[in-house]
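Below, each chain spelled out in residue letters.
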Amino acid sequence: MVSIPSQDGLKICCIGAGYVGGPTMSMIALKCPEVQVKIVDISAARIDAWNSDNLPIYEPGLHKVVTACRGKNLFFSTDIDEAIQEADIIFVAVNTPTKKVGIGAGRASDLTYWELAARRIAQVAETPKIVVEKSTVPIKTAEAISAVLHGAGKTRFDVLSNPEFLAEGTAITDLDNPDRVLIGGQLDESGQKAMDTLADVYAHWVPRDRILLTNVWSSELSKLVANSFLAQRVSSINAISAVCEASGADVDEVARAVGMDTRIGPKFLKASVGFGGSCFQKDILNLVYLCESFGLPEVAHYFHQVVHMNDYQKERFVGRIIHGLYNTVTGKKIALLGFAFKKDTGDTRESASIDVCRRLIEEKAQVAIYDPKVEEEQVWMDLTYACKMDKTEVQKYVTLCPDALTACKDAHAMAVATEWDEFKELDFHQVYDTMTKPSFVFDGRNILDHATLREIGFVVYAIGKPLDPKLSTA
Ligand code: UDX
Ligand code: ADP
């Protein structure tokens, strides 16, 4: 049995109660009953939701973890200053979106929220703190944050990088059984002590040999590299899906054959309409920006291609719909099944569905959207932003439906953009009966039984599969 030094009385605070902060801190509270964990946020609505039965994010298993600890050693609050003052360790898990304006726009991370949080910490902290970067940040952030903290603060701060590797939809199992925990810090005595304190928190449930201590730059860079490599695999198989369609090969068969090479492995080789999520594109663009600023244009170009390929894949999917429907979708009803960027989450950030829908709107199609978890207001926010239209204008083209069957009624085509399990269970005979003929299915996730659909009468397109002879490709 590994012995963990007692952390009785240790107080942890997390600034930012989002997809990263909420689940991660809840797991720490569950695994470390003697540690007090307080999650704070500037959004009172978010905190109220965390304190209610209707949590602000959908994540399988999360509700159980939160209810097991809430009110005991897990607290949600808007009193940021008090939480900072009390804490020994302060995690910062605020949002770091890609910059929209200014230097590095479209590439670099916007660190406004991070800096505001750091300045708040500097202003109110009276006793030494360990400050932990949890949000995805560009490398050298720890250095910048350290400068802000030490410049404006009145106590000692040890800044650590502790990137989060959880994937949405599987966050709880990922946190419960992580492949590794990465902690980067300064290699002086104080930095080492801070890293050991944080490592002891994780050692409550993570084997020591999976807790990696590195210098701070390695830790920050590893997160960007891990996500870039994962995204690169998806873009690689998506690029091959185009070759499969041209050659008659089947992308799932190719992925299986290739993935059985133990040097390559089977994961992240599922061809799709394109990857989404808050991390992949942002992290690659961060890496690209970093390489450009280091004067490494070849490296920047190499990774940028992963994003270009993803854009190409989304456009290719829309192209298949348009060509399949005899080169026009104007006025035609398309049922778009799934709006989240993957199944088992209500998160839509960078979801391929947004771009698919935007393009269909540009072609003046009538899009009927159904997603089991995405909030209606989120869809309107995403589409008004993506289409640069106001809500009333978007509503001329888009309707939101309470279920898949309603979305498909009278539709010329059904397009699957998210791999929700329930889409596999639909009664396709009934769906077929209600759709306009000929009825098309565009399976952007390769989750449906294409042979059965064809037997029913559908014309089916699936990513990277031999083309249906009835599908127009002109
Ligand atoms: C990712 C990383 O996996 C995680 O380690 C990091 O902490 C955050 O970013 P996440 O974005 O939540 O997690 O989901 P992930 O499962 O990685 O999927 C990302 C996107 O790639 C989704 O749109 C998914 O549908 C797509 N994808 C994934 C594929 O299209 N094919 C695959 O084989 C795998
Ligand atoms: P992530 O996926 O990185 O967790 P989210 O957007 O889900 O990102 O969550 C980030 C959270 O951080 C939001 O709830 C936001 O209100 C909160 N936040 C942003 N800036 C601050 C700040 N300065 N102080 C406290 N909370 C903040």
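Everything numeric here is computed off the predicted structure, so don't read it as measured data. (Residues numbered from 1 in each chain as written. Chains lettered and ligands numbered in written order. Predicted model: local features only at pLDDT ≥ 70, side-chain atom pairs only at ≥ 80, totals over all residues. Heavy atoms only, no water.)

Focus on the overall build of the protein chain
Across its full length, the protein chain carries 19 helices and 14 strands. The C-alpha radius of gyration of the protein chain comes to 24 Å, within 12% of the 23 Å expected for a compact globule of 474 residues. Taking the principal axes of the C-alpha coordinates as reference, the protein chain spans close to 70 × 50 × 45 Å. Burial analysis of the protein chain (474 residues in total) assigns 53% to the buried set. With an accessible surface of roughly 20500 Å², the protein chain has 54% of that area assigned to carbon and sulfur atoms. (Helix = DSSP H or I, 4+ residues; strand = E, 2+ residues; numbered from the N terminus. Rg over C-alpha atoms; globule rule 2.2 N^0.38 Å. Buried < 20%, exposed > 50% of the residue type's maximum accessible area, 1.4 Å probe, protein only. Areas by Shrake-Rupley, 256 points an atom, 1.4 Å probe, with all protein chains shown as cover.)

Section: the site of ligand 1
Among the 20 residues in the neighbourhood of ligand 1, the closest are listed as F165, E168, S272, K342 and R445. Here an oxygen atom of ligand 1 and a backbone polar atom of L166 are 2.8 Å apart. One of the side-chain N or O atoms of R445 is found 2.7 Å from an oxygen atom in ligand 1. Its free accessible area being 660 Å², ligand 1 has 90% of it covered by the protein chains. Two domains each put at least three residues into the shell around ligand 1: domain 1 (11–206) and domain 2 (217–473). (Near = heavy atom within 4 Å. Polar contact = N/O pair within 3.5 Å; in protein donor to acceptor, adjacent residues only side chain to side chain. Domains from an automatic or database assignment.)

Overview of empty space enclosed by the protein
In the structure shown here, the tally under the stated rule is 1 cavity of 30 Å³ or more. Taken as a whole, the largest cavity encloses approximately 60 Å³ of empty space. Every residue along the wall of the largest cavity is listed here: E133, K134, S135, T136, V137, S161, N162, P163, E220 and K223. The class makeup of the residues in the lining of the largest cavity is 2 nonpolar, 4 polar and 4 charged. (1 Å grid on protein atoms, 1.4 Å probe; cavity = no way out; pocket = protein on both sides within 12 Å on 5 of 7 lines; lining within 4 Å. Points joined across faces, edges and corners; volume = space filled by probe spheres on them. Nonpolar A, V, L, I, M, F, W, Y, C, P; charged D, E, K, R; others polar.)

What to know about the site of ligand 2
For ligand 2, the set of nearby residues contains 15 residues, the closest of which are Y19, V20, D41, R46 and R349. At a separation of 2.6 Å, an oxygen atom of ligand 2 approaches a polar side-chain atom of D41. For ligand 2, the protein covers 88% of the area, taking 580 Å² as the surface of the free molecule. Taken together, the residues that form the shell around ligand 2 break down as 9 nonpolar, 3 polar and 3 charged.

Section: the domain arrangement of the protein chain
As far as domains go, the protein chain holds domain 1 (11–206) and domain 2 (217–473). A C-alpha centroid distance of 32 Å is found between domain 1 and domain 2. Between domain 1 and domain 2, the contact holds 34 residues from the first and 29 residues from the second. The largest per-residue losses of area from domain 1 upon contact with domain 2 belong to Y58, R107 and I139, which jointly make up 29% of the total buried on that side. Scanning the region where domain 1 abuts domain 2 turns up 1 salt bridge. For the side of domain 1 that touches domain 2, the secondary-structure elements that each account for two or more residues are α6 (141–152) and β7 (181–185). (Contact = heavy atoms within 4.5 Å. Buried area = accessible area lost by both parts, 1.4 Å probe. Salt bridge = Lys/Arg side-chain N within 4 Å of Asp/Glu carboxyl O.)

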